[in-house]
Amino acid sequence: MKKIILTGDRPTGKLHVGHYVGSLKRRVELQNSGEFDEIYIMIADAQALTDNAEHPEKVRENIIEVALDYLSCGLDPEKVTIFIQSQVPELAELAFYYMNLVTVSRLQRNPTVKSEIQMRNFESSIPVGFFTYPISQASDITAFKATTVPVGEDQEPMIEQTREIVRKFNAVYGETLVEPEILLPDNKACLRLPGTDGKAKMSKSLGNCIYLSDTPQDVKKKIMSMYTDPNHIQVSDPGCVEGNCVFTYLDAFCRDEHFEKYLPDYKNLDELKAHYQRGGLGDVKVKKFLNKVLEEELTPIRARRAELEKDIPAIYDILKKGSVKAQKTAAVTLSEVKDAMRINYFDDEQLIMDQAQKYKNK
Ligand code: ATP
Ligand code: MG
């Protein structure tokens, strides 16, 4: 069986370092590993519209931002297909059929949807499209026969929902769809990177992000005002590293060689954490170190972005070509789905012959 990746992001803002460690960095590694036959990266504009119906301009403007972030992180359009969800209408058609295989109560139980509804204050006014987006995500994944979906931890319930739809579809209509596997980051801190405010998840919608395209000044400012341990007031106080975002970010980003380069008094993160926990280590010192570690990662990304920004039409061209290719692939799956569901009337000569015979014998 072919090894195929499908993953993507909502064009609701520029991409942040949570996206980077949760999914984007891994995608680039997987792209370069040569282990995958096909890789599809989707800019999920239709999904973004499910909770931004009144702000189409926001979605429209962020498509190029997400594309620039992709390319500046090293996604290579020669190796991966980058496309825009709404330009592949087959995805909507698949979702329409999958809706019959999922119950309302099953969707209501989805913990990610639950917390996102709360976060957006939808309460009783949940748009139907938003409520059903896990089904649309199942279409995105299955349309490309994806075997592997590299995403952050918040996406786990979505992949489970997709797997259920695949199993149900195959049981009802015959073996047609491929069951995908989730690929989570190996590093625990990267599963769900917290926001700079200490909230459980860095998220575009919460405004607690360090963006890949932030200037060095912005990054520094955000790090310096980051949430740490509220009880660590004096430098001499013992500090807590659990739930302290500065340390979570270090868990996500720093390697032993960073200590050699920027903080040679310590061999590794364990030593730094131990000092903080003992007391005698100030937040500012740790934050300055984090700033250097992050800058090492972000500087080359920023430089590539500056180059790419010089030719915006070329980026749209990449998206257009990718969308054409993605549409062709999705059309093949849709046709297989319609065959399996027996709604392929005009392609089924047997059907026409059988019906003709039935009426002849009447
Ligand atoms: P929105 O607030 O609009 O939902 P978002 O910041 O949650 O935006 P998405 O586009 O929904 O971003 O997510 C894209 C991908 O990035 C998903 O694979 C998701 O799991 C991953 N991701 C998003 N935020 C984080 C995070 N804080 N830590 C790790 N992975 C993340
Ligand atoms: Mg999200």
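For the structure, check the block above.
Residues numbered from 1 in each chain as written. Chains lettered and ligands numbered in written order. Predicted model: local features only at pLDDT ≥ 70, side-chain atom pairs only at ≥ 80, totals over all residues. Heavy atoms only, no water.

A. Molecular detail of the site of ligand 1. Of all residues adjacent to ligand 1, which total 22 residues, the nearest are Thr12, Asp154, Lys201, Ser203 and Ser205. In the environment of ligand 1, an oxygen atom lies 2.7 Å from a nitrogen or oxygen atom belonging to the side chain of Thr12. One of the backbone N or O atoms of Gly18 is found 3.3 Å from a nitrogen atom in ligand 1. Sorting the residues of the shell around ligand 1 by element identifies strand E1 (4-9) and helix H1 (17-33) as the ones contributing at least two each. The leading source of residues in the shell around ligand 1 is H1, at three residues. Tallied by class, residues from the shell around ligand 1 come to five nonpolar, 10 polar and seven charged. (Near = heavy atom within 4 Å. Polar contact = N/O pair within 3.5 Å; in protein donor to acceptor, adjacent residues only side chain to side chain. Helix = DSSP H or I, 4+ residues; strand = E, 2+ residues; numbered from the N terminus. Nonpolar A, V, L, I, M, F, W, Y, C, P; charged D, E, K, R; others polar.)

B. Quick peek at the pairing of strand E2 (residues 38-43). Taken across its six residues, E2 has six buried, putting it largely inside the fold. Burial along E2 is two-sided: Glu38, Tyr40 and Met42 and Ile39, Ile41 and Ile43, pointing in opposite directions, are all buried. Where E1 and E2 come together, six bridges link them in parallel fashion. Bridging across to E2, Asp9 finds its partner in Ile43. Note on the crossover from E1 through H1 to E2: the handedness is right-handed. For E2 and strand E3 (residues 81-84), the ladder comprises four bridges, and the chain directions are parallel. Bridge pairing in E3 places Ile43 opposite Ile84. (Buried < 20%, exposed > 50% of the residue type's maximum accessible area, 1.4 Å probe, protein only. Pairing = 2+ DSSP bridges. Right-handed = clockwise from strand over helix to strand, strands pointing away.)

C. Quick look at the state of the cysteines. The full count for this structure, using the stated rule, is zero disulfides. Between Cys73, a cysteine without a disulfide, and Cys190, which holds the nearest cysteine sulfur, the sulfur-to-sulfur distance is 14 Å. Not part of a disulfide, Cys254 finds its nearest cysteine sulfur in Cys190, a span of 11 Å. (Disulfide = S-S within 2.5 Å.)

D. Looking closely at H1. With 17 residues, H1 extends 22 Å between its outermost C-alpha atoms, agreeing within 8% with the 24 Å of an ideal straight helix rising 1.5 Å per residue. The largest bend in H1 is about 45 degrees, located at Ser23. (Expected span 1.5 Å × (residues − 1). Bend = angle between axes of the 7 residues up to and from the residue.)

E. Summary view of the packing of aromatic side chains. Here the structure, examined in full by the defined rule, presents nine aromatic pairs. Ring centres of Tyr98 and Phe169 lie 6.1 Å apart, and the angle between their planes is 75 degrees; this geometry places the pair in the edge-to-face category. Highlighted residues: Tyr98 in helix H4 (residues 90-98) and Phe169 in helix H9 (residues 156-173), separated in sequence by 71 residues. Given the relative accessible area of 0%, Tyr98 is considered buried. You can call Phe169 buried: its relative accessible area is 0%. Here the aromatic rings of Phe169 and Tyr173 are separated by 4.7 Å at their centres, their planes lie at 55 degrees, and the arrangement is tilted. Placement of the pair is Phe169 and Tyr173 together in helix H9, with a separation of four residues, close to one helical turn. Members of the aromatic cluster, joined through ring pairs, are Tyr40, Phe83 and Phe144. (Phe/Tyr/Trp six-rings, centres within 6.5 Å; stacked < 30°, edge-to-face > 60°.)

F. Expanded view of the pattern of salt bridges. By the definition in use, this model includes 29 salt bridges. For the salt bridge of Lys222 with Asp214, the shortest nitrogen-to-oxygen distance reads 2.7 Å. Owing to a relative accessible area of 9%, Asp214 belongs among the buried residues under this scheme. Of the charged contacts in the structure, one is a salt bridge between Asp251 and Lys273, with a shortest N-O distance of 2.9 Å. With a gap of 22 residues between them, Asp251 in helix H11 (residues 245-253) and Lys273 in helix H13 (residues 269-278) connect regions that are remote in the sequence. According to the relative accessible area criterion, Asp251 is partly exposed, its value standing at 30%. Look at the salt bridges and you will find they share partners, linking Glu65, Asp69, Arg305 and Glu309 into a network. (Salt bridge = Lys/Arg side-chain N within 4 Å of Asp/Glu carboxyl O.)

G. Quick look at the environment of Asn268. Structurally, Asn268 is set in the loop between helix H12 (256-262) and H13. Put simply, Asn268 and Leu71 are 197 residues apart on the chain and 32 Å apart in space, counted from C-alpha to C-alpha. Setting aside its immediate chain neighbours within four residues, Asn268 contacts Asp256 and Phe259. Among the polar contacts listed, one links the side chain of Asn268 to the backbone nitrogen of Asp270, at a separation of 3.2 Å. (Contact = heavy atoms within 4.5 Å.)

H. Inspection of the nonpolar core at higher detail. If you look at the biggest cluster of nonpolar residues, it comprises 60 residues, and the most contacted ones within it are Val17, Tyr70, Leu212, Leu250, Phe253 and Leu272. Of the residues forming this core, the biggest block, eight residues, is contributed by helix H3 (residues 56-73). Core analysis: the next-biggest nonpolar cluster, separate from the first, contains 34 residues, Ala143, Val149, Leu177 and Ala340 among them. (Core = buried A, V, L, I, M, F, W, Y, C linked by side-chain atoms within 4.5 Å.)

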